[in-house]
Amino acid sequence: EAQVTQNPRYLITVTGKKLTVTCSQNMNHEYMSWYRQDPGLGLRQIYYSMNVEVTDKGDVPEGYKVSRKEKRNFPLILESPSPNQTSLYFCASSPLRLGGEQFFGPGTRLTVL
Amino acid sequence: DAKTTQPTSMDCAEGRAANLPCNHSTISGNEYVYWYRQIHSQGPQYIIHGLKNNETNEMASLIITEDRKSSTLILPHATLRDTAVYYCIVRRGDSGGSNYKLTFGKGTLLTVNP
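An account of the accompanying structure is given in this report. (Residues numbered from 1 in each chain as written. Chains lettered and ligands numbered in written order. Predicted model: local features only at pLDDT ≥ 70, side-chain atom pairs only at ≥ 80, totals over all residues. Heavy atoms only, no water.)

Comments concerning the overall build of chain A
And step 1. On a plain count of helices and strands, chain A comes out with 0 helices and 11 strands.
And step 2. Along its sequence from the N terminus, chain A presents helices and strands in the succession β-β-β-β-β-β-β-β-β-β-β.
And step 3. Here the C-alpha atoms of chain A give a radius of gyration of 13 Å, agreeing with the 13 Å that 2.2 N^0.38 yields for 113 residues.
And step 4. With the C-alpha coordinates of chain A rotated into their principal frame, the extents come out at 40 × 30 × 25 Å.
And step 5. Each of the 113 residues in chain A was classed as buried or not, and the buried ones make up 52%.
And step 6. Pairs at least 24 residues apart make up 53% of the contacts formed inside chain A by residues separated by at least 6 positions.
And step 7. When the accessible surface of chain A is summed, it comes to about 5300 Å², and 52% of that surface belongs to carbon and sulfur atoms.
And step 8. The centroid of the 13 positive side-chain charges in chain A is displaced by 5 Å from the centroid of its 10 negative side-chain charges. (Helix = DSSP H or I, 4+ residues; strand = E, 2+ residues; numbered from the N terminus. Rg over C-alpha atoms; globule rule 2.2 N^0.38 Å. Buried < 20%, exposed > 50% of the residue type's maximum accessible area, 1.4 Å probe, protein only. Contact = heavy atoms within 4.5 Å. Areas by Shrake-Rupley, 256 points an atom, 1.4 Å probe, with all protein chains shown as cover. Lys, Arg positive; Asp, Glu negative; His and termini not counted. Charge placed at Lys NZ, Arg CZ, Asp CG, Glu CD.)

This is the structure we're talking about:
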């Protein structure tokens, strides 16, 4: 089944404790992206990647890092999480073609205390 | 990307067609109309997209006006599981990293009633 998976689905952590949220897709998509969703603010893009070793900042990259060492994986790293990073996070992937649709993962609900 | 305007909420009876409107009066020639939906806190789900012509797939139909300034998403036989927030998004379809970003507005909360 074609899908985007994220782990963990739920995470409660404390300020400053480094964490990684994994994202993997099995559709051989070139493009991958991370979004966060907060009440009243909609989805905002954090980082995106056009292909292996090619990443770029989205609208709200501060406090996050990403890497794209393999085509299928695009982990989101919070080196020193803070309470304002409490949010619902979505990973998405898309083929690089005209009008290509994006496929979203199930989401990771992160709480930073 | 062009801005879109959607009603905040709509109701529909189960089994009836749900027609969700979207205005995008500033759309430019190379921008596509996309529809996604999000069932409570789940990942957004792609529904359909189009450029000029009307489109249909197994989920829905997309009707785009001739001047492309508005569109309507049609769910032909709404079920309770179609209750969700529906987002109309306009974005460029050509290549370029930032062009793949999806900007979700507030969307339309569609409630399908038994």
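With respect to the pairing of strand S3 (residues 31-38) of chain B
All names here are of chain B.
And step 1. Within S3, 8 of the 8 residues are buried, which leaves the element mostly enclosed by the surrounding structure.
And step 2. Because side chains alternate across S3, one face comprises the buried residues Glu31, Val33, Trp35 and Arg37, and the other comprises Tyr32, Tyr34, Tyr36 and Gln38, equally buried.
And step 3. Of the pairings in the sheet, the one linking S3 to strand S8 (residues 84-92) comprises 8 bridges and is antiparallel in character. Looking at S8, one finds that Tyr36 is bridged to Tyr87.
And step 4. Note that S3 and strand S4 (residues 45-50) share 5 bridges and pair antiparallel. Bridge pairing in S4 places Tyr36 opposite Tyr46.
And step 5. The antiparallel hairpin formed by S3 and S4 contains 6 residues in its connecting segment, where Ser41 sits at a positive phi of about 65°. (Pairing = 2+ DSSP bridges.)

Re the state of the cysteines
Disulfides are covalent bonds that link the sulfur atoms of two cysteine residues.
And step 1. Considering all chains together, one arrives at 2 disulfides over all chains under this definition.
And step 2. Each disulfide pairs two cysteine sulfurs, and for Cys23 of chain A the partner residue is Cys91 of chain A, the sulfurs being separated by 1.8 Å. Since a negative S-S torsion denotes a left-handed disulfide, the Cys23 of chain A-Cys91 of chain A link at about -70° is left-handed. Separated by 68 residues along the polypeptide, Cys23 of chain A in strand S3 (residues 19-25) and Cys91 of chain A in strand S9 (residues 87-94) bring together distant segments of the chain. Like Cys91 of chain A, Cys23 of chain A is buried.
And step 3. Paired by a disulfide, Cys22 of chain B and Cys88 of chain B hold their sulfur atoms 2.1 Å apart. (Disulfide = S-S within 2.5 Å.)

Section: the interface of chain A and chain B
And step 1. With 25 residues of chain A at the interface, the matching set in chain B holds 22 residues.
And step 2. Surface buried jointly by chain A and chain B totals about 1700 Å² across both partners, of which 53% is contributed by carbon and sulfur atoms.
And step 3. Taken together, the connections running from chain A to chain B amount to 0 salt bridges.
And step 4. The interface formed by chain A and chain B holds 4 residue pairs in polar contact (both at pLDDT 80 or more) in total.
And step 5. Counting residues per element, the ones that place at least two in the side of chain A that touches chain B are strand S4 (31-38), strand S5 (42-51) and S9 of chain A. (Buried area = accessible area lost by both parts, 1.4 Å probe. Salt bridge = Lys/Arg side-chain N within 4 Å of Asp/Glu carboxyl O. Polar contact = N/O pair within 3.5 Å; in protein donor to acceptor, adjacent residues only side chain to side chain.)

Observations regarding the packing of aromatic side chains
Note on aromatic pairs: each is described by the distance of the centres and the angle between the planes.
Residue and element names in this part refer to chain A.
And step 1. Here the structure, examined in full by the defined rule, presents 10 aromatic pairs over all chains.
And step 2. Measuring from centroid to centroid gives 6.0 Å for Tyr31 and Tyr48, while their planes differ by 25°, and the two rings are stacked. Linking Tyr31 in strand S4 with Tyr48 in strand S5, this pair joins segments that are 17 residues apart in sequence. In this pair, the class of Tyr31 matches that of Tyr48, namely buried. (Phe/Tyr/Trp six-rings, centres within 6.5 Å; stacked < 30°, edge-to-face > 60°.)

Thoughts on a nonpolar patch on the surface
And step 1. Among the surface-exposed residues, Ile12, Val14 and Leu113 of chain A lie close enough to one another that they form a single nonpolar patch of about 320 Å² accessible area.
And step 2. Since its relative accessible area comes to 64%, Ile12 of chain A is described here as exposed. (Patch = residues over 30% accessible without salt bridge, like charges linked within 9 Å, V, L, I, M, F, W, Y side chains within 5 Å.)

From the geometry alone we can't say anything about function, so treat these as descriptive.
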